[in-house]
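Single-letter residue listing:
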Amino acid sequence: MDKILIEGGNRLVGEVTVSGAKNAVLPLMAASLLVDGWTTITNVPNLRDIDTFKVLLSHLGCDIESVGPGTLRIRTVNVPSPEAPYEMVKTMRASVLVLGPLLSRFKKARVSLPGGCAIGARPIDLHLMGLKKMGADVSIDHGYVTVKAEKLKGAKIYMDTTTVTGTENLMLAAVHAEGTTVLENAALEPEVVCLADALNAMGAVIKGAGTETIRIEGVRELKPVEVRVIPDRIEAGTFMVASAMTRGNVLLKDCPLGYLESLSVKLREAGAEITEEAGGVRVIGDWPIRSVDIKTIPYPGFPTDMQAQIMAMMTIASGLSVITETVFENRFMHVGELKRMGADISVDGRCAVVRGVKHLSGAPLMATDLRASASLILAGLVAEGKTEVSRIYHLDRGYERIEEKLKRLGAKIERVKE
């Protein structure tokens, strides 16, 4: 098992290219199940979750080819057994995204209830409610959900809470349904729009993606296409915070700044300078960092996937910051590790009060989930002495060679075997 060693104190200076978005790639890979032919996906990052999804699709009967760096070709002629077993999906919640397309094209799907990071309950009841409204027979037994439908029919579906994977799954199911499906209170995330654009290129008729109401007109056939993955806004946000908290000067290439307005506002309030240039987005940090309050809410609000990183920054800010987590109930697991570095943080329910300290101290740390891993690395970049982050397999699920990118920016960081 690998771990990451960091010696803090270096400014980050230079250029970094933002990788493709994991949370956009996985729905696109699931969409390949809908067509008989080669679907080509470009700008694909090299991540553990994508490897896991490739194994799952291969198990289902898909042909998968890697055509040079960052390009995947997937073909689904037939699925002999439309089942996603527990062993293949226990570590990744996004596995549930095969449910909709398998049901839509092959009339049946049996999928293990998903796993992933232990950041709180993320049930799929809204996915199943929507499929039932479209005429599917749904049953759950022995940790698996089975759905069957000879023909899905369009329906009006209202989701009580906003769900990204739920919105995507129902879109994937509805493209072949008879009639019109309307998704109310749909997720607004850019990754949802990316999927809708790809499906429309395949021949689907989807309107309203990126708004609270999405309309899908069912079609008989889709054709394979080539689609480019959008840049990863969370990776971009992580590097923006890294530059800001190290007094850095970093140019981010392929930075989706339009997707990061809520983060940009808070970084500017904290004292960072953010400007758009011909080559990308430049983030310049300044000290002292000013404390800011954060409340996570669904897009376009402040992303829950950036909460841990901004908390790491607030640990060395001047003053007091209140960070409120409204999306997941168990997403403060990084707090204990940051406190081991000398951070002054107190948690009361879904609120964390962070009192900035003059400096953090390097320490041995253990990552608990994907974004917590990133926050500990950011803290290590500014800590006095050496920081050691273990259990970084979480990190590899969502960041492509982050230690290499940080090293090219001047960080003293390396990956070693435990």
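Residues numbered from 1 in each chain as written. Predicted model: local features only at pLDDT ≥ 70, side-chain atom pairs only at ≥ 80, totals over all residues. Heavy atoms only, no water.

**Quick word on the overall build of the protein**
(1) Moving on: From N to C terminus, the protein includes 13 helices and 24 strands.
(2) Moving on: Taken over the C-alpha trace, the protein has a radius of gyration of 22 Å; the compact-globule value for 418 residues is 22 Å, and the two agree within 12%.
(3) Moving on: In terms of overall dimensions, the protein has a C-alpha envelope of 65 × 45 × 45 Å along the principal axes.
(4) Moving on: Counting across all 418 residues of the protein, residues that qualify as buried make up 57%.
(5) Moving on: When contacts within the protein are restricted to residue pairs at least 6 apart in sequence, long-range pairs at least 24 apart make up 73% of them.
(6) Moving on: When the accessible surface of the protein is totalled, it reaches about 16200 Å², and 48% of it is carbon and sulfur.
(7) Moving on: Averaging the locations of the 50 positively and 50 negatively charged side chains of the protein gives two centres separated by 1 Å. (Helix = DSSP H or I, 4+ residues; strand = E, 2+ residues; numbered from the N terminus. Rg over C-alpha atoms; globule rule 2.2 N^0.38 Å. Buried < 20%, exposed > 50% of the residue type's maximum accessible area, 1.4 Å probe, protein only. Contact = heavy atoms within 4.5 Å. Areas by Shrake-Rupley, 256 points an atom, 1.4 Å probe, with all protein chains shown as cover. Lys, Arg positive; Asp, Glu negative; His and termini not counted. Charge placed at Lys NZ, Arg CZ, Asp CG, Glu CD.)

**Brief notes about the sheet that holds strand β21 (residues 351–355)**
(1) Moving on: An order of β18-β19-β21-β20 is seen for the four strands of this open sheet, with the pairing classed as mixed. Whereas interior strands pair on both sides, the edge strands pair on one side only; in this sheet they are β18 (294–296) and β20 (344–348). Each strand of the sheet is rotated relative to its neighbour by a mean of 15°, with strand direction disregarded.
(2) Moving on: For strand β19 (residues 320–325) and β21, the ladder comprises five bridges, and the chain directions are antiparallel. Pairing of Ser-321 across the sheet is with Val-354, part of β21.
(3) Moving on: Strands β18, β19, β20 and β21 of the sheet are contacted by helix α10 (residues 307–314), whose axis makes an angle of about 170° with β19. (Pairing = 2+ DSSP bridges. Axes fitted to C-alpha atoms, helices over the stretch in contact; angles between N-to-C directions.)

**Considerations on the side chain of Ser-32**
(1) Moving on: Relative to the helices and strands, Ser-32 resides in the loop between α1 (22–31) and β3 (38–42).
(2) Moving on: A relative accessible area of 0% places Ser-32 in the buried class.

**Considerations on the packing of α1 against helix α2 (residues 48–60)**
(1) Moving on: Where α1 contacts α2, the axes come no closer than 10 Å and their chain directions differ by 5°. The angle between α1 and α2 falls in the class roughly parallel. For the pair α1 and α2, the contacting residues are Lys-22, Val-25, Leu-26, Met-29 and Ala-30 in the first and Asp-49, Ile-50, Phe-53, Lys-54 and Leu-57 in the second. (Parallel < 35°, antiparallel > 145°, perpendicular 65-115°, else oblique.)

**Some remarks on the confidence of the model for the protein**
(1) Moving on: Model confidence for the protein is summarised by a mean pLDDT of 93, while 97% of its residues fall at 70 or above.
(2) Moving on: Throughout residues 116–122 the model reports pLDDT below 50, and contacts reaching past four residues in sequence, or to other chains, amount to 25 contacts. (pLDDT = per-residue confidence, 0-100.)

**Some words on the sheet that holds strand β7 (residues 108–112)**
(1) Moving on: Taken in spatial order, the four strands make up an open sheet running β6-β7-β9-β8, and their pairing is mixed. What marks the edges here is a single partner per strand, and that holds for β6 (83–84) and β8 (137–141).
(2) Moving on: Sheet analysis places β6 next to β7, joined by two bridges and oriented parallel. Counted as the bridge partner of Glu-83 is Arg-110 from β7.

**Some remarks on helix α5 (residues 125–133)**
(1) Moving on: Among the residues of α5, Leu-126, His-127, Leu-128, Gly-130 and Leu-131 are the ones counted as buried.
(2) Moving on: Packed against the buried residues of α5 are α4 (99–106), β8, β9 (144–148), β10 (156–158) and α6 (164–174).
(3) Moving on: Phi turns positive one or two residues past the end of α5, at Gly-135, with a value near 105°.

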